[in-house]
Amino acid sequence: MVKEIRNGILFFDGCDTTALAAQYGTPLYIFSETEIVSRFSELRSCFLEKYYNTRVAYACKAFCTPAMLRLVMREGMCIDVVSGGELYTALRAGFPPERIEFNGNNKLPSELELAVDAGIGRIIIDGLQELPLLESICRKKGVRMNVLYRITPGVKASTHDYIVTGKKDSKFGIPLEDTVIYPAVEAAIRSEFVNFLGFHYHVGSQLFDNTPYLQALEVALGLVRETRKRFGFSVRELNIGGGYGIRYTGEERRPYSYFLDPVMTRLNQFCADEGIERPAVVIEPGRSIVGEAGITLYTVGSIKEIPGVRKYISVDGGMTDNIRPALYQAVYKGMLAGRADEPATEQVTVCGKCCESGDLLMRDVMLPPARSGDIFAVFSTGAYGYSMASNYNHNPIPAVILVKEGRPELIVRRQTYDDLLTCAVIPDSLK
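Reading the values: the criteria
Here the residue numbers are simple positions, counted from 1 along each chain's written sequence. This being a predicted model, a pLDDT of at least 70 is required before a residue's local features are given, and a value of 80 or more before pairs of side-chain atoms are given or counted; all residues contribute to the totals for chains, interfaces and linings. The basis for every side-chain value is the complete set of non-hydrogen atoms in the structure, without hydrogens or water. Between any two strands, pairing holds if DSSP finds at least two bridges. In this text, helices come from DSSP runs of H or I with a minimum length of four residues, and strands from runs of E with a minimum of two, each type numbered from the N-terminal end. Only protein chains enter the accessibility calculation, which uses a 1.4 Å probe; a residue is then buried when its area is under 20% of its type maximum, exposed when over 50%, and partly exposed in between. Charge assignment in this entry is limited to Lys and Arg as positive and Asp and Glu as negative, and neither His nor the chain termini are counted. In the sections that follow, a salt bridge refers to a side-chain nitrogen of Lys or Arg positioned within 4 Å of a carboxyl oxygen of Asp or Glu. In protein, a polar contact requires one atom able to donate a hydrogen and another able to accept it; more generally it is a pair of N or O atoms within 3.5 Å, and residues adjacent in sequence count only if both atoms are side-chain atoms. Note on contacts: a residue pair is in contact if any heavy atoms of the two residues lie within 4.5 Å. Only the stretch in contact is used when fitting a helix axis, every axis being a line fitted to C-alpha atoms; angles between N-to-C directions are given from 0 to 180 degrees. Each direction from the helix axis to a C-beta atom contributes to the arc, which is the arc of those directions. For this analysis, a nonpolar core means a set of buried residues of the types Ala, Val, Leu, Ile, Met, Phe, Trp, Tyr and Cys, connected via side-chain atoms within 4.5 Å. Site definitions follow a grid-based scheme: protein atoms alone, a 1 Å grid, a 1.4 Å probe that fits but cannot get out for cavities, and for pockets an open set with protein on both sides within 12 Å along at least five of seven lines, plus lining residues having an atom within 4 Å of a point. Grid points are joined across faces, edges and corners, and a volume is the space filled by probe spheres set on the points. Throughout, the ten residues Ala, Val, Leu, Ile, Met, Phe, Trp, Tyr, Cys and Pro are labelled nonpolar, Asp, Glu, Lys and Arg are labelled charged, and all others, Gly among them, are labelled polar. In these notes the angle categories are as follows: under 35 degrees is roughly parallel, over 145 is roughly antiparallel, 65 to 115 is roughly perpendicular, and the rest is oblique. Working rule for handedness: look at the near helix, and if it is turned counterclockwise from the far one by less than a right angle, call the crossing left-handed; if clockwise, right-handed. Each pair of aromatic rings taken from Phe, Tyr and Trp, with Trp reduced to its six-membered ring, is defined by centres within 6.5 Å and is described as stacked if the planes are under 30 degrees apart, edge-to-face if over 60, and tilted in the remaining cases. Counting as a charge over the ring demands two things of the Lys NZ or Arg CZ atom: a distance within 6 Å of the ring centre and an angle within 35 degrees of the ring normal.

Colleague: What is the right way to read the sheet that holds strand β3 (residues 15-16) from this model?
Modeller: Within a beta sheet, neighbouring strands are joined by backbone hydrogen bonds and run either parallel or antiparallel to one another. Ordered in space as β1-β2-β3, the three strands form an open sheet in which the pairing is antiparallel. If you trace the sheet from one side to the other, it starts and ends with β1 (3-6) and β3, each paired once.

Colleague: What is the right way to read the side chain of aspartate 13 from this model?
Modeller: Its location among the elements puts aspartate 13 in the loop between β2 (9-12) and β3. There is no salt bridge for the buried aspartate 13, and the closest opposite charge comes from lysine 404, which lies 8.0 Å off by N-O distance. Here the side chain of aspartate 13 touches glutamate 405 through a polar contact of 2.8 Å, landing on its backbone nitrogen. Non-local contacts of aspartate 13, meaning those with residues more than four positions away in its chain, are made with Val2, Ser32, Glu33, Thr34, Val403, Lys404, Glu405 and Gly406.

Colleague: How should I be thinking about the sheet that holds strand β9 (residues 145-150) in this particular structure?
Modeller: Taken in spatial order, the eight strands close into a barrel running β5-β6-β7-β8-β9-β10-β11-β12, and their pairing is parallel. In this sheet, adjacent strand axes meet at a mean angle of 30° when their direction is disregarded. Note that strand β5 (residues 54-59) and strand β12 (residues 280-283) share three bridges and pair parallel. Residue pairing in the sheet places threonine 54 in a bridge with valine 281 of β12.

Colleague: Where do I start with unusual backbone geometry in this structure?
Modeller: Negative phi characterises most residues that are not glycine, and trans characterises most peptide bonds. The linkage connecting threonine 26 with the following residue, proline 27, adopts the cis geometry, with an omega of -10°. Tracing the chain through its elements places proline 27 in the loop between α1 (17-24) and β4 (28-32). Although it is not a glycine, asparagine 7 sits at a positive phi angle of roughly 50°. Within the fold, asparagine 7 resides in the loop between β1 and β2. One non-glycine residue, glutamine 206, lies in positive phi territory at about 60°. For glutamine 206, the position within the fold is in the loop between β10 (194-200) and α8 (211-231).

Colleague: Whenever I open this one, the environment of valine 147 confuses me. Can you help?
Modeller: With respect to the helices, strands and loops of the structure, valine 147 is situated in strand β9. Between the C-alpha atom of valine 147 and that of glutamate 101, which follows or precedes it by 46 residues, the distance is 9.1 Å. Look past the residues within four positions of valine 147 in its chain and what remains in contact with it is Ile123, Ile125, Leu134, Val194, Asn195, Phe196, Leu197 and Gly198.

Colleague: Mind showing me how you'd approach the pairing of strand β18 (residues 375-379) here?
Modeller: Regular strands show a simple pattern: their side chains alternate between the two faces of the sheet. The element β18 is extensively covered by neighbouring structure, given that five of its five residues are classed as buried. Of the two faces of β18, both are covered, the one formed by Ile375, Ala377 and Phe379 as well as the one formed by Phe376 and Val378. Pairing geometry for strand β13 (residues 294-306) and β18, over five bridges, is antiparallel. Bridging across to β18, leucine 297 finds its partner in alanine 377.

Colleague: For this particular structure, what's the right way to read helix α3 (residues 66-74)?
Modeller: The periodicity of an α-helix, 3.6 residues per turn, causes residues three or four positions apart to be oriented the same way. For α3, the complete set of buried residues consists of Met68, Leu69, Leu71 and Val72. For α3, the buried positions fall inside an angular range of 155° around the axis, keeping them on one side. Check the buried side of α3 and you find it contacts α2 (33-48), β5, β6 (78-81), α4 (84-92) and α10 (287-290). At the exit of α3 stands glycine 76, carrying a positive phi of roughly 80°.

Colleague: Even after reading the chapter, I still don't get the nonpolar core, so can you show me in this structure?
Modeller: As a rule of thumb, nonpolar side chains are buried together in soluble globular proteins. Residues Tyr58, Ile123, Tyr149 and Val290 are the most contacted members of the largest nonpolar core, which totals 89 residues. Here this core gets eight residues from one element, more than from any other, and that element is helix α9 (residues 256-274). Setting aside residues no more than four positions away along its own chain, valine 290 makes contact with Phe31, Ile36, Tyr58, Ala62, Phe63, Met68, Gly382 and Ala383.

Colleague: What's the story with the layout of surface pockets in this structure? I'm lost.
Modeller: Think of a ball as big as a water molecule: rolled over the atoms, this probe shows where empty space is left. The space that makes up the second largest pocket amounts to roughly 380 Å³. As for the second largest pocket, its lining consists of 16 residues, of which Lys3, Arg247, Glu292, Phe379 and Ser380 are closest to the centre. Residue classes in the lining of the second largest pocket are distributed as seven nonpolar, two polar and seven charged.

Colleague: Quick question: what am I supposed to make of the packing of α8 against α9 here?
Modeller: A pair of packed helices is characterised by two quantities: the angle between their axes and the separation of those axes. Their axes nearest at 10 Å, the elements α8 and α9 cross at an angle of 25°. By the angle between their axes, α8 is roughly parallel relative to α9. For the element pair α8 and α9, the recorded crossing hand is right-handed. Taking contact as the criterion, the partners of Tyr213, Leu214, Leu217, Glu218, Leu221, Val224, Arg225 and Arg228 in α8 are, on α9, Phe259, Pro262, Val263, Arg266, Leu267, Phe270 and Glu274. Looking at the contact of α8 with α9, its residues break down into 10 nonpolar, no polar and five charged.

Colleague: Looking at this model, I keep getting lost on empty space enclosed by the protein. Mind explaining?
Modeller: With the rule as written, the count across this model stands at one cavity of 30 Å³ or more. In terms of lining, the largest cavity is formed by Phe31, Ile36, Phe63, Ala67, Met68, Leu71, Leu402 and Ile411. When residues in the lining of the largest cavity are grouped by element, the largest group, three residues, is from α3. Among the residues making up the lining of the largest cavity, the classes are represented as eight nonpolar, no polar and no charged.

Colleague: Where do I start with the packing of aromatic side chains in this structure?
Modeller: How two aromatic rings sit relative to each other is set out by the distance from centre to centre and by the angle between their planes. Inspection of the entire model under this criterion finds 13 aromatic pairs. Their ring planes at 55° and their centres at 5.4 Å tell us that tyrosine 149 and phenylalanine 196 sit as a pair that is tilted. Taken as a pair, tyrosine 149 in strand β9 and phenylalanine 196 in strand β10 lie far apart in primary sequence, 47 residues in all. For the pair tyrosine 149 and phenylalanine 196, one class covers both residues: buried. In this structure, arginine 254 is placed above the aromatic ring of tyrosine 258, and the distance from its NZ or CZ to the ring centre is 4.1 Å.

And the structure:
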């Protein structure tokens, strides 16, 4: 067990969390290497080794640091980046460029130039203006880049509206109207400067039902068939995205095979019926790799009770290190890490220290009677905690440690107040 209770203390991948809080300070992000590797191992056995010509591209927007990318590289996976900063981080970490794919709905010319100069494996074109922009860069540099088109399959997934990406009304992807998509496909096929491989789509995030994946696949298969009929072109690659749900509170996590086996069965049957070779298949899991592999530790500070109304437990972090409760109304579970076996007898609301009324990490949860100085652990914060952290109120971003079988290693140091001012400049007029 990665998470266990020993003598009333929460241990995470063999490490005493209260000792980690004392050594590294709080707030503190902790990631379990064992848990991350287990997810990659599951994908290897149920997808990469089971189906030929497949790839896993970790969606590094979920958690992107040089150490994490080195771990992905060691496990033999690819990565999906969505910005020049993520791409730069990957390159600085020594990640093989040919195993990098670049997503995003508004790639800047400078970002595309960085991708072309590095010779990355794929650029996933998200809009009609991106192809001519990329072609102009490739023409200038005398190279040819592999590309896919991201399409909008028009599928409505059951999740928070902010993380539904496959519906027709989305900022992502190229619409599937015949007068839009097929001229774009023809232009890519005939281009001297790009090597068109196929299509990409993503239906949403934090999903527990495989139905939207199968619905989106049918849309993509229709596009594959029509592309072959119109242009005599056989699609060589399909990227079917990610979005597999994780456990935050009481959800039941589905194995990857629940999503992937029906998709691969349907795709294989389609290709057999059409008499064509199956395209390469790529998936882009992010949250499901790191979400449950991460926890966050806080120190309890002030405690405020409003008789007959609510009891507030304040911690030394908040929306600056986990924006999701304020942004998505996300719900988490947590415990007092040093008093983990005590009965939960009080209903409290755990709040952060930011100057915002909405800075609430948990509403109306049951805990043992909390005391100032207690260490409070929040579970399943590995995805979009550190990666969405901010310096609001000029709060420093916490440190990040990687733990494995009782061994902690620092992978991101805690920001200092001096770090907050690194880019600040006082102009001559104010000196």
